[in-house]
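Structure assessment
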Amino acid sequence: MRVQISSGQGPAECELAVAMLYEELRREAGDVRLVGCTPGKKPGCMSSVVFETDRDLRELEGSVQWICKSPYRPGHRRKNWYVDVSILDQVPRISEERMVRFETFRSGGKGGQHVNKVETGVRAIHIPTGTAVVSTQARSQHMNKQIAMDRLCSILAEMNAINQQKEKSLAWMEHARLERGNPVRIYEGMKFERSRKH
């Protein structure tokens, strides 16, 4: 499961809450793997953090409230800070090496009688995506297999780049969507202790 904690467009206090919630979830879940983070305005703060875990954290999706006087602005009245927790849809990664099936066939064209009698044409099929490419230009099956694999790798690399861009767009949309109020969890003070009310 891929999870994003975000301060939205919130101030440094919200960014500090992102960092503290991430540390709390690392202790709680135990198997958290950092995917990426955006540093905040102050040291030790994070504007957003994305991580993966095998634990189901769907009950955390929504806003998390941190009740604390501002550690950065003494005398500031506000003491309620909110961060957003979102479950991100993971776009599957496409592995070029994994699960490629090759089919051979007789190819027409130049090369005389030899071309029509021997299966020199090669079709490479990436089974998970159904993407297929054909090579018949070389005179040997071995060379056509190499050409087909190169073409397939190129197409799959492009598909991966598109999928990564989709993932970034989804993460940004979630980052901008922070809702304040009706928190799924509440933490209090600089020790970031979970409130018994939630």
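The preceding data block contains the structure.
Read on for a plain summary of the structure.

Quick notes on the rules
- Residues numbered from 1 in each chain as written.
- Predicted model: local features only at pLDDT ≥ 70, side-chain atom pairs only at ≥ 80, totals over all residues.
- Heavy atoms only, no water.
- Pairing = 2+ DSSP bridges.
- Helix = DSSP H or I, 4+ residues; strand = E, 2+ residues; numbered from the N terminus.
- Contact = heavy atoms within 4.5 Å.
- Axes fitted to C-alpha atoms, helices over the stretch in contact; angles between N-to-C directions.
- Core = buried A, V, L, I, M, F, W, Y, C linked by side-chain atoms within 4.5 Å.
- Buried < 20%, exposed > 50% of the residue type's maximum accessible area, 1.4 Å probe, protein only.

Across the sheet, which stays open at both edges, the 7 strands sit in the order β2-β3-β1-β5-β4-β9-β10 with mixed pairing between neighbours. Of all the strands in the sheet, just β2 (33-39) and β10 (193-194) have a single pairing partner and so form its edges. Across 5 bridges, the pairing between strand β1 (residues 2-6) and strand β5 (residues 80-88) is antiparallel. When the bridges of β5 are listed, Arg2 appears paired with Leu88. Contacts from helix α1 (residues 12-29) reach β1, β2, β3 (46-52), β4 (62-67), β5 and β9 (185-188), with the element oriented near 20 degrees to β3.

Our focus in this paragraph is the nonpolar core. In this structure, Ile5, Leu21, Tyr22, Phe51, Val64, Trp66 and Val83 are the most contacted members of the largest nonpolar core, which totals 28 residues. Elements supplying a minimum of two residues to this core: β1, α1, β3, β4 and β5. Looking at this core element by element, the count peaks at 10 residues for α1. Tyr22 has contacts with Ile5, Val32, Leu34, Met46, Val49 and Phe51, leaving out every residue within four places of it along the chain.

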